[in-house]
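Tertiary structure, described
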Amino acid sequence: MLAIAAFLVATAAPAAAPADPAAAWQGIWEGRIGTLPVRACFVKRDWGAFGAYYYLSRLQLIPLERGQDADGTFREGVAPDAKSPRWTLESAGANALAGRWTANGRTLPIQLARVAGPAGDESPCASLAFHAPRLAGIRIVARPAARDGLGYTRLILDHRGRFEDTKVETFALAGGSGAVRRINEALRAPLAGDPPAWLDCIRGALETGSSEGEMDETIAPRLITPRWLTAEDHEESDCGGAHPNSSNAPLTFDRTTGAQVDLNDWLNDKAIKRENYGPGTHEAKTLRPEFRNVLLARWKPQESECGDVVRQADFWTVALTRAGLVFAPELAHVDQGCGEDIAISFARLRPYLSAEGMKQVDALQAWVARGR
């Protein structure tokens, strides 16, 4: 990971200790608790301080929450109590941090040397310099699989147990054509980058708190035809924002070009209202009330309070199946529990298909009729 190595070189110069003793902890430190090698970070914000550390033998993050009993006391864990292991920081110099680790009547010395100081407004606990040892040796595991008679490869993040609340999986189609390469590049996005994209969630939570983010994302194929690939991107994450995130996003690709397709374009103006707000903006596509009523004609909400929420939703995702299209409302976070898939057959969709939509539906139904 060349970018990480370059970052470490740029930040390795020791920083002078600030006059404020609490701020003196800020930065990245490495050393020992007793005889066990560790790497730690400490952050001071206007509203308080926090930290985190990991043993270099395991590389699993342990939160450090600032205690109320003394300026230099931190407790371990997400929700620490009086029995949680305690760090008592007793001296902080420009390049050395010392204290005591205490748990279950046992006390060990803490001796740390500075690796890097704060870099601007970035939390030291969110920095690449802090996480670099955890990223060494991480790999992507490839496993063969098949769907609709076509083989593909599952791509699974193997972080060796270092990021306990992180799971990322996607897949790649076989072949080397330009279209396949474009599709696979889009599908690989959660695993791509240096640093990798999934690490953004881990680091984001550490900007304002002692716990790393939680990420569970799987992209899996749902339908593969000679022309179309439909996949679902399911994500459950908590990256340090006001609320956790939960989403199911359908992805449709044209296998002949590699382009991602918006299935709203298979619907005509009786179904979709299209509005353009000016240069550089995306065209807004919302369901017209008449078509939304068609979708919901046979729908009964699982919860009574969800009825109006779903019936008033303007924006919907669209997924392709062998038998029709599946619509799901895009809801505000507070209403996400009301999300529900609503399938509508191609036969019922006929009056609302565009010319392009009619052409593609006819071709798909012919493929299905041939026993595929």
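Keep in mind it's a predicted model, so treat the numbers as computed, not measured. (Residues numbered from 1 in each chain as written. Predicted model: local features only at pLDDT ≥ 70, side-chain atom pairs only at ≥ 80, totals over all residues. Heavy atoms only, no water.)

**Some details on the confidence of the model for the chain**
Per-residue confidence for the chain gives a mean pLDDT of 89, with 92% of residues at or over 70. Note that residues 1-19 has pLDDT below 50 and, in this model, 29 contacts with residues that lie over four places away or in other chains. (pLDDT = per-residue confidence, 0-100. Contact = heavy atoms within 4.5 Å.)

**Topic: the pairing of strand 13 (residues 228-238)**
Looking at chain direction, strand 12 (residues 214-224) and strand 13 are connected through ten bridges and run antiparallel. Of the residues in strand 13, the one forming a bridge with Asp 216 is Glu 236. Count of turn residues in the strand 12/strand 13 antiparallel hairpin: three residues. As defined by bridge partners, strand 13 adjoins strand 14 (residues 245-254) across ten bridges and the pair is classed as antiparallel. When the bridges of strand 14 are listed, His 234 appears paired with Asn 248. What sits between the antiparallel neighbours strand 13 and strand 14 is a turn of six residues, in which Gly 240 has the positive phi angle 100°. (Pairing = 2+ DSSP bridges. Helix = DSSP H or I, 4+ residues; strand = E, 2+ residues; numbered from the N terminus.)

**Some words on the sheet that holds strand 19 (residues 342-345)**
The strand order across the open sheet formed by three strands is 17-18-19, and the pairing between neighbours is antiparallel. Whereas interior strands pair on both sides, the edge strands pair on one side only; in this sheet they are strand 17 (316-320) and strand 19. Neighbour to neighbour, the strand axes of the sheet diverge by 25° on average, direction disregarded. By the bridge criterion, five bridges tie strand 17 to strand 18 (residues 324-329) in an arrangement that is antiparallel. Following the sheet pairing, Val 318 is matched in strand 18 by Phe 327. (Axes fitted to C-alpha atoms, helices over the stretch in contact; angles between N-to-C directions.)

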